[in-house]
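Each chain, letter by letter, is given below.
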Amino acid sequence: MALALAEGEQAGDDVPIGAVVVDADGQVIGRGHNEREETGDPTAHAEILAIRSAAEHVGEWRLTGCTLVVTLEPCTMCAGAIVLARLDRVVFAAYDEKAGAVGSLWDVVRDRRLNHRPEVVSGVMADEAGARLRDFFNGHRS
């Protein structure tokens, strides 16, 4: 999670969310941080960029055996991408009560109607991630 938090610090003017994908050996094979403001791309969430980077690294779309680590609970778009990429596990820090789709508002990744359901680990370094998000939004509201 420390690597994902550090990745989030590179988000510039965007919400400081970072993500990494690690393979079965624990090696980082993908990284991403929010780039929506920088690129004008509404899909440029940290998770999507990390998943794309990992898929490019392994040379295919299936990320079986891999884990996505992200600083905020994924939204519905990112939760869908996690399922479609066949990631084995998603680890996140802070819950997103407004848009979270991995247990708080929705639970897309564990929906029994889907053909793939990754393991979910939540709350890892949640205090640190939550503090960074609060600091960011407090700075943008003043």
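The structure this text deals with has already been given above.
All values reported here derive from a predicted model rather than from experimental measurement.

Student: Can you walk me through the side chain of Thr67 in this structure?
Tutor: On the secondary structure map, Thr67 appears in strand β3 (residues 67-72). Within the structure, the side chain of Thr67 is placed 2.6 Å from the side chain of Arg89, a separation counted as a polar contact. Excluding its chain neighbours within four sequence positions, the residues that come into contact with Thr67 are Val20, Val21, Val22, Leu87, Arg89 and Val91.

Student: Help me understand unusual backbone geometry, please; the structure alone is not making it clear to me.
Tutor: Among all residues save glycine, negative phi is the norm, and among peptide bonds the norm is trans. At Arg86, a residue that is not glycine, the phi angle is positive and equals roughly 60 degrees. The residue Arg86 is located in the loop between α4 (76-84) and β4 (89-94) in this model. Its identity as a non-glycine residue notwithstanding, Met125 has a phi of 60 degrees, on the positive side. With respect to the helices and strands, Met125 occurs in the loop between β5 (119-122) and α5 (126-141).

Student: How should the pattern of salt bridges be read in this particular structure?
Tutor: Side-chain pairs of opposite charge can arise whenever the charged atoms involved come near each other. Counting across every chain of the model gives 7 salt bridges. Of the charged contacts, one joins Glu60 and Arg62 as a salt bridge, the two residues approaching to 3.4 Å between their closest N and O atoms. The exposure class of Glu60 is partly exposed, given its relative accessible area of 38%. A salt bridge links Asp111 to Arg113; the nearest nitrogen and oxygen atoms lie 2.6 Å apart. Since its relative accessible area comes to 73%, Arg113 is described here as exposed.

Student: Hey, could you run me through the pairing of β4 in this one?
Tutor: Where burial is concerned, most of β4 is hidden: 5 out of the 6 residues are buried. For the handedness criterion, the β-α-β arrangement of β3, α4 and β4 is classed as right-handed. Note that β4 and β5 share 4 bridges and pair parallel. When the bridges of β5 are listed, Arg89 appears paired with Glu119.

Student: Sorry, what's going on with the layout of surface pockets here?
Tutor: In this approach, a probe sized like a water molecule rolls over the atoms, and the result shows the empty space that is left. Here the largest pocket is characterised by a volume of approximately 600 Å³. Lining the largest pocket are 23 residues, with Val15, Leu72, Asp96, Leu133 and Phe137 positioned closest to its centre. Examining the composition of the lining of the largest pocket, we find that 7 residues originate from one element, α5, more than from any other. Of the residues contributing to the lining of the largest pocket, the split by class is 11 nonpolar, 4 polar and 8 charged.

Student: Looking at this structure, I do not really get α4. What am I missing?
Tutor: One full turn of an α-helix is made of 3.6 residues, so residues set three or four places apart face in the same direction. Considered for burial, the residues of α4 that qualify are Cys78, Ala79, Ala81, Ile82 and Val83. Positive phi shows up at Arg86, right after α4, with a value of about 60 degrees.

Student: Looking at this structure, how should I read the sheet that holds β3?
Tutor: Note: strands within a sheet are paired through backbone hydrogen bonds, in either parallel or antiparallel orientation. Read from one edge to the other, the open sheet built from 5 strands follows the order β2-β1-β3-β4-β5, with strand pairing classed as mixed. Strand pairing shows two members of the sheet lacking a second neighbour, β2 (28-33) and β5, which therefore form its edges. Each adjacent strand pair in this sheet contributes to an overall mean axis angle of 15 degrees, direction not counted. Here strand β1 (residues 18-22) pairs with β3 via 4 bridges, running antiparallel. Paired with Ala19 across the two strands is Val70, which belongs to β3. Here helix α3 (residues 46-58) sits on the sheet and contacts β1, β2 and β3; the angle it forms with β2, its principal contact strand, is near 150 degrees.

Here is what the cut-offs are and how they apply
- All residue numbers here refer to positions counted from 1 along the written sequence of the relevant chain.
- Confidence filtering applies because this is a predicted model: local features only for residues at pLDDT of at least 70, side-chain atom pairs given and counted only at 80 or more, and all residues used for totals across whole chains, interfaces and linings.
- Heavy atoms throughout the structure, all of them, feed into the side-chain values; hydrogens and water do not.
- Going along the chain from the N terminus, every DSSP run of H or I of four or more residues is numbered as a helix, and every run of E of two or more is numbered as a strand.
- Polar contacts here mean pairs of N or O atoms no more than 3.5 Å apart (in protein, one a potential hydrogen donor and the other a potential acceptor; neighbouring residues in sequence count only if both atoms are side-chain atoms).
- Here, residues are in contact when the closest pair of their heavy atoms is within 4.5 Å.
- Between Lys or Arg on one side and Asp or Glu on the other, a salt bridge is scored when a side-chain nitrogen of the former is within 4 Å of a carboxyl oxygen of the latter.
- Burial here depends on accessible area, computed with a 1.4 Å probe over protein chains only, as a share of the maximum for the residue type. Under 20% is buried, over 50% is exposed, and the range in between is partly exposed.
- A clockwise path from the first strand over the helix to the second, with the strands pointing away from the viewer, defines a right-handed crossover.
- At least two DSSP bridges between two strands are needed for those strands to be called paired.
- Only protein atoms enter the 1 Å grid, on which a cavity is a set of points fitting a 1.4 Å probe that cannot get out and a pocket is an open set with protein on both sides within 12 Å along at least 5 of 7 lines, lining residues being those with an atom within 4 Å of a point.
- Grid points are joined across faces, edges and corners, and a volume is the space filled by probe spheres set on the points.
- When residues are grouped by polarity, Ala, Val, Leu, Ile, Met, Phe, Trp, Tyr, Cys and Pro land in nonpolar, Asp, Glu, Lys and Arg in charged, and all others, Gly among them, in polar.
- Whenever a helix is involved, its axis is fitted only over the stretch in contact; in every case the axis is a line through C-alpha atoms, and angles between N-to-C directions fall within 0 to 180 degrees.

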